[in-house]
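# Close look at the chain arrangement
Now for the letters of each chain:
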Amino acid sequence: MRAANIDLTSCTVQAAIQRIADVYRVDYVTLHLFRSGEDAQNKPYVRTNYPDSWVTRYLLNDYVRIDPVLHMAEQVAGPFCWSTITPEGDQIEMMEQAAKYGLGQTGFSVRHVDAIGRRSVLSFNARDARGGKTWEPHLAEMREGLIQLAHQLHHMALDEIYVDGNTLPQLTPREIECLMWTAKGKAHTDIAVILGLSEHTIRGYLKDARMKLDCVTLAQAVSKASALGLIH
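Summarised in this report is the structure supplied together with it. (Residues numbered from 1 in each chain as written. Predicted model: local features only at pLDDT ≥ 70, side-chain atom pairs only at ≥ 80, totals over all residues. Heavy atoms only, no water.)

## Here we look at helix α10 (residues 218-227)
Taken as a whole, α10 has its buried residues at A221, V222 and A225. Buried residues of α10, viewed axially, fall in a sector of 100°; they line one side. Lining the buried residues of α10 we find α7 (173-183) and α9 (199-212). Directly beyond the C-terminal end of α10, a positive phi value near 80° is found at G229. (Buried < 20%, exposed > 50% of the residue type's maximum accessible area, 1.4 Å probe, protein only. Helix = DSSP H or I, 4+ residues; strand = E, 2+ residues; numbered from the N terminus. Arc of directions from axis to C-beta. Contact = heavy atoms within 4.5 Å.)

What follows is the structure in structure tokens.
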């Protein structure tokens, strides 16, 4: 089984989720985009065709904290099969509840991390694995296609989030790095030592970042960068 080429042109992410499920012939597909700042709790970005009843239970019980699939995605760079996961503690109860709500017990996922560290996880869930108890034999064949698909869905999701003209400021990696250290309470002099640069250079990076973010103060710039998911 090879990863399929899927035309997602002009699709919303939700429509793309159902199209992917149909093409891959799995029961459910989910995209979870991790956000920062207040948006992380107030505006979680999840697109799925899971039953509404399960989505409601998942959110009310804050299962995102213990979800074994998301935990595994933090440890594995490429696509992985759920059969490699050993749930522990509360995760076991969560998986038992998932089964009661009709979710399959087999699946596979792939993580995507973009150039500024924003993460998403694309997951496939089925009642029965293709050809046996696990999807693992097929992951090698599907690897490159899944990675490309995860990349595409990640950026489609970002386009939806910022569709109202809220385009992301084009900060350089150094500007983001300086903002990140500022958010951790480091002064210009500290950041200069950490990055091996002059204090003058650090001030320049932070000034440019503040202006690109259209903020009056550095504290405002750090807050806005966090809300936009530019720093974590």
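Moving on from the coordinates now.
## Observations regarding the pairing of strand β4 (residues 106-113)
The buried fraction of β4 is high, at 6 of 8 residues. Counting the residues in the hairpin turn of β4 and strand β5 (residues 119-126) gives 5 residues, including G117, whose phi is positive at 90°. (Pairing = 2+ DSSP bridges.)

## Side note on the environment of H155
By the secondary structure assignment, H155 is in helix α6 (residues 136-161). C-alpha of H155 to C-alpha of P79: the two residues are 76 residues apart in sequence and 18 Å apart in space. Not counting residues up to four positions away in its chain, the partners in contact with H155 are H112 and D114.

## Points about the pairing of strand β1 (residues 28-33)
Burial of β1 is extensive: 6 of the 6 residues sit out of reach of the surface. Going residue by residue along β1, you find Y28, T30 and H32 tucked away on one face and V29, L31 and L33 tucked away on the opposite face as well. Pairing of β1 with β5 involves 6 bridges; the strand directions are antiparallel. In the strand pairing of β5, H32 is matched with V121. Summarising the sheet, β1 and strand β2 (residues 45-48) pair through 4 bridges and their orientation is antiparallel. Within β2, the position partnered with L31 by the bridge is R47.

## Here's the deal with the packing of α7 against α10
Interaxial distance between α7 and α10 falls to 10 Å at its minimum, and their mutual angle equals 105°. When the axis of α7 is compared with that of α10, the two are roughly perpendicular. Contact with α7, carried on its side by L179, T182 and A183, involves L218, A221, V222 and A225 of α10 and no other residues of that element. Considered class by class, the residues forming the contact of α7 with α10 number 6 nonpolar, 1 polar and no charged. (Axes fitted to C-alpha atoms, helices over the stretch in contact; angles between N-to-C directions. Parallel < 35°, antiparallel > 145°, perpendicular 65-115°, else oblique. Nonpolar A, V, L, I, M, F, W, Y, C, P; charged D, E, K, R; others polar.)

## Here we look at the packing of helix α8 (residues 188-195) against α9
The geometry of α8 relative to α9 is characterised by a closest axis approach of 8 Å and an angle of 105° between their N-to-C directions. Between α8 and α9, the crossing angle belongs to the class labelled roughly perpendicular. Contacts between α8 and α9 involve H188, T189, I191, A192 and L195 on the former and, on the latter, E199, I202, R203 and L206. In terms of residue class, the contact of α8 with α9 is built from 5 nonpolar, 2 polar and 2 charged.

## Observations regarding the environment of F124
With respect to the secondary-structure elements, F124 resides in strand β5. Between the C-alpha atoms of F124 and I20, which are 104 residues apart in sequence, the distance is 9.2 Å. Apart from residues no more than four positions distant in its own chain, F124 is found in contact with I20, Y24, V26, Y28, V29, W82, T106, G107, F108, L146 and L149.

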